[in-house]
Amino acid sequence: MPPSTPAPGPAEAPSAVVRRVRTAMTELTVPFDSRISPDGHRVAVSVLGPYGTDVLIAPADGPALPLPTAPPGPATGSRHTPRWLPDSRTLLLVTEPAGPGLPLLTAWDTLTGVRRELAAVPGAVEDLHVSDDGAEVLLLTADDGAERDGMNLGLPVRLGPAPAPASYRPDTGWRRLLHGLLPPAGAPTGDAPSAAPGRPVVLRDRGPVGLTVWNAAWRGGPTVVATVSEDPLPAGYYHARLVRIDLTDGRAVTLHEPRGQLAAPALSRDGHRAAVAEGISIVAGRPLLVSLTEKTVTPVPGAEDVTWIQFHPRDTDRLLTAGRSGTGTRVADVRADGASRSGPAHGAAVLHEEQAVLSGAGAQPALSLSADGLTAATVREAPGVPPQAVVAPTTGPQAWNWRPVTAPDRAAAHQDGGHEDLARVRTRQTTWTAPDGTPVHGLVLDAPGTPAPVRPAAGTDTDPVAGTGPGSAAEVPGPDRPADARATPAAGAGTAGPARPLAVLLHGGPSWQWSAGYAPADVLGLAPALAAAGWLVLLPNPRGSSGYGLDHARAVVGACGDGDLDDVLSGVAHLTRRGEALPGRAAVLGHSYGGFLAALAAARTDAFRAAVVVSAPTDWLSFAHTSVIGGGYERTYAIGDARTPEGRAALTGRSPVFADGGSRTPVLVLHGEHDRVTPPGQAHELYRALSGRATAPVELHVYPDEGHEFTGPSHLLDAAARAEDWLARYVAPQAAPRDRTAHHPRPQGQDAGPGTGVATGTGPKGAP
């Protein structure tokens with residue numbers, strides 16, 4: 001903790017700290033993608049703020065550029081997806097209209113500032129490719145009404161007002177490849193034949209008929225390597241295959257049928273080879289090398305958790321990759337010799353590795369390289385370090401020594417408001433062993449010196465759910481409470497401070513992960529907020545998570561809710577045994593798949609005093625028939641198959657709404673009204689199942705206009721406040737009552753001294 005950062009005042013309630021931190025996070029302006037120019041001199045930085053998205057140009061060798069503090073302006077709308085042309089002067093990007101209308105493909109002369117509309121795009125632009133010679137453009141677009149997955153809010157594409165009534169028909173909502181010829185540099189501004197007036201580029205659908213395209217690699221000419229499926233719903237992504245597409249006739253030839261899912265395709269400069277990462281669900285996987293001429297597929301040994309691939313600009317026998325490494329990031333150099341032969345390729349050499357997040361537009365580790373490959377750009381963040389666009393040389397004595405090209409958000413840099421609270425939070429790595437011997441890793445967040453949260457003092461602990469005395473849920477041995485978790489060590493044994501109530505936050509995916517970032521955002525962004533308010537926060541990466549190899553990510557296939565839940569429970573035992581977590585004072589909170597685990601823990605066990613379930617699947621059978629990923633996701637993870645009686649039984653057998661064994665965990669359910677990934681019926685089912693049992697408190701709150709992730713600032717703050725209140729009500733211990741018989745009264749507001757747990761003033765202070 002920086003010595004200049006004061007601890008919160010003695011009268012401050014944890015709820016005020018949580019609200020202040022969450023408010024600061026919603027107001028944060030951050031870069032989320034960096035694209036370096038081909039000559040390596042400038043960086044196009046995509047920025048997200050409370051007003052939307054914009055693109056700014058930063059010099060690669062100049063002072064860090066301040067981030068914008070105001071919207072681009074009502075006349076321009078938001079801008080995103082920048083791509084440089086070979087001249088390192090012209091930038092293509094997508095401009096979203098401020099009002100109704102189609103997105104616009106725009107050319108920006110970054111030296112004069114002149115922007116020119118090239119074409120109206122009949123769909124939402126999900127990716128933009130420029131040919132190596134700068135003469136052609138290829139857009140991956142989603143039709144109006146196309147469904148999106150949970151990584152994209154779980155809301156459908158809307159190019160205008162939502163239709164009334166909403167209509168659903170097969171063979172709609174496609175993702176397409178639109179191709180166009182760009183006007184030559186210095187050409188007159190007249191329109192091309194068939195172009196709209198004033199817009200010289202004609203975009204034509206060149207993709208395969210009857211296939212939706214999920215991602216693509218292209219460098220110009222007729223050859224595209226893409227991941228495609230017959231099903232246009234996001235469920236189709238789980239059954240997608242790698243193909244070679246000929247843009248002249250739209251014909252698709254299958255190159256690879258994966259065991260799992262595919263992402264990050266890349267194409268060699270000569271067009272003879274491709275590379276792609278194969279993993280599971282949200283892919284952080286193993287790279288494959290594909291010969292387009294011989295149609296062979298070669299695994300790359302030694303490379304794991306890859307999320308970005310590019311053929312080396314100066315050596316087509318090498319791949320550069322970026323990916324996850326535990327809670328950090330790794331950059332590697334992969335020898336691709338022999339990729340067109342049947343023998344194995346060479347292994348991978350690590351170029352750079354650190355406990356920080358290096359990310360691109362897909363919120364996954366990614367880089368952007370100059371044309372000669374000598375300079376890299378990305379967005380970097382780490383605990384205590386807000387996101388910044390950065391550049392680094394890739395060779396020489398300063399290789400991979402990142403230098404910021406954008407300044408951090410002003411409030412974060414000055415530690416204003418909630419950022420002052422965030423500055424007190426420390427992030428530590430932790431490791432423990434599950435009951436079956438599996439090593440499990442995660443992060444622990446806390447704020448040393450900050451009082452642990454307590455409920456107002458009273459004569460006795462009147463918690464209606466589980467007390468702390470003999471016979472309470474916190475003390476009674478049982479199969480769901482490991483003996484070491486029930487033990488009561490000396491407060492703070494082996495730690496720098498007193499034991500604290502514990503909040504366990506479970507990420508979604510499950511092939512996502514908690515990583516070493518500035519303010520981890522999953523589960524309503526509550527992790528840093530709760531830590532700043534005095535909670536001990538555990539962010540586990542149980543089996544199923546990325547960052548620890550594909551075998552770890554696939555370890556939950558056919559076993560969802562088994563070993564991964566054991567990993568979580570043993571993490572609670574680990575921190576309790578170390579004296580960091582108060583025995584019997586733990587809560588579990590989860591989003592999406594993490595919400596499923598939280599709901600399952602509450603339904604099967606009494607291991608937690610409270611649970612918060614956000615946007616979670618709770619009935620896998622109804623999920624299979626109502627989710628836009630249903631029919632793909634649950635089959636990928638071998639949860640069950642709704643097409644067979646045995647599969648339907650398996651789906652219900654792993655559903656929290658049908659689980660039993662626990663009875664006393666209060667459950668708070670939070671859900672978005674328009675979530676298409678885990679439809680709100682999943683929340684209603686859980687609420688009805690728990691309220692019908694009437695054994696513990698349960699509440700459901702459904703937020704209008706929200707999808708799988710909450711984005712409205714007022715909704716985020718409200719949901720965070722409800723979650724914090726739920727934990728304060730059912731998990732935080734009560735402060736000890738004031739000793740009214742003392743012979744020496746203290747001045748008003750003076751603390752009763754360390755270790756007494758006496759609350760003074762108007763807010764909680766200390767821990768019992």
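So, how was this worked out
- Residues take numbers from 1 onward in each chain, read along the sequence in its written order.
- Only residues with pLDDT of at least 70 get local features here, since the model is predicted, and only at 80 or more are side-chain atom pairs given and counted; chain-wide, interface and lining totals rely on the full set of residues.
- Side-chain metrics rest on all non-hydrogen atoms present in the structure, leaving aside hydrogens and water.
- Here, strands pair whenever DSSP counts at least two bridges between them.
- Numbering of helices and strands starts at the N terminus; helices are DSSP runs of H or I of at least 4 residues and strands are runs of E of at least 2.
- Fitted lines through C-alpha atoms give the axes, limited to the stretch in contact for helices. The angle between two N-to-C directions lies from 0 to 180 degrees.
- What a helix should span is 1.5 Å times the count of its residues minus one.
- Exposure categories follow from relative accessible area, calculated using a 1.4 Å probe and restricted to protein chains: below 20% of the type maximum is buried, above 50% is exposed, and the middle band is partly exposed.
- Between 30 and 60 degrees the pair is tilted, below 30 it is stacked and above 60 it is edge-to-face, where a pair is any two Phe, Tyr or Trp rings, Trp via its six-membered ring, whose centres lie within 6.5 Å.

Moving on, we come to the sheet that holds strand 2 (residues 42–49). Pairing in this open sheet of 3 strands is antiparallel, and the strands run 1-2-3 from one edge to the other. Each edge of the open sheet is held by one strand with a lone partner, namely strand 1 (30–36) and strand 3 (52–59). For this sheet, the mean inter-axis angle between neighbouring strands, taken without regard to orientation, is 25 degrees.

As a further point, take unusual backbone geometry. At the junction of Ala164 and Pro165, the peptide bond is cis and its omega measures out at 0 degrees in the coordinates. As for its placement among the helices and strands, Pro165 is situated in the loop between strand 9 (136–142) and strand 10 (175–181). The step from Gly509 to Pro510 runs through a cis peptide bond, and the omega angle for that step is 5 degrees. Mapping Pro510 onto the fold places it in the loop between strand 31 (500–506) and helix 5 (526–532). Although it is not a glycine, Asp305 adopts a positive phi angle of roughly 55 degrees. Turning to its location among the elements, Asp305 is positioned in the loop between strand 19 (297–299) and strand 20 (306–312).

Another aspect to go through is helix 8 (residues 593–604). For helix 8, built from 12 residues, the straight-helix expectation of 16 Å at 1.5 Å per residue is met to within 8% by its first-to-last C-alpha distance of 16 Å. Here helix 8 lies mainly inside the structure; 11 of its 12 residues are buried.

This part takes up the packing of aromatic side chains. Per the counting criterion, the structure on display carries 12 aromatic pairs. A ring pair is formed by Trp214 and Tyr237, whose centres lie 6.2 Å apart and whose planes are at 75 degrees; its orientation type is edge-to-face. Linking Trp214 in strand 12 (residues 212–217) with Tyr237 in the loop between strand 13 (223–229) and strand 14 (241–246), this pair joins segments that are 23 residues apart in sequence. Assessed through its relative accessible area of 14%, Trp214 is described here as buried. With a centroid separation of 5.1 Å and an interplanar angle of 80 degrees, the aromatic rings of Trp620 and Phe623 are classed as edge-to-face. A residue pair is termed a helical-turn pair when its members lie 3 or 4 positions apart in one helix, as Trp620 and Phe623 do in helix 9 (residues 620–626) at 3 residues. Trp620 gets classed as buried once you look at its relative accessible area, which sits at 0%. On the accessibility criterion, Phe623 (1% relative accessible area) is buried. Through pairs of rings, three or more aromatic residues link up here, namely Trp214, Tyr237, Tyr238, Tyr593, Phe596, Trp620, Phe623, Tyr633 and Tyr637.

As a further point, take the sheet that holds strand 7 (residues 115–120). Two modes of strand pairing occur in sheets, parallel and antiparallel, and in both the strands are linked by backbone hydrogen bonds. Taking strand neighbours across the sheet as the criterion, the 4 strands line up as 4-5-6-7 in an open arrangement whose pairing is antiparallel. Since the sheet does not close on itself, it has two edges, and those belong to strand 4 (79–84) and strand 7, each with one partner. Looking at each pair of strands side by side, their axes are set apart by 25 degrees on average, direction ignored. Here strand 4 runs beside strand 5 (residues 90–95); their pairing, made up of 4 bridges, is antiparallel. In the sheet register, His80 faces strand 5, and the bridge partner there is Val94.

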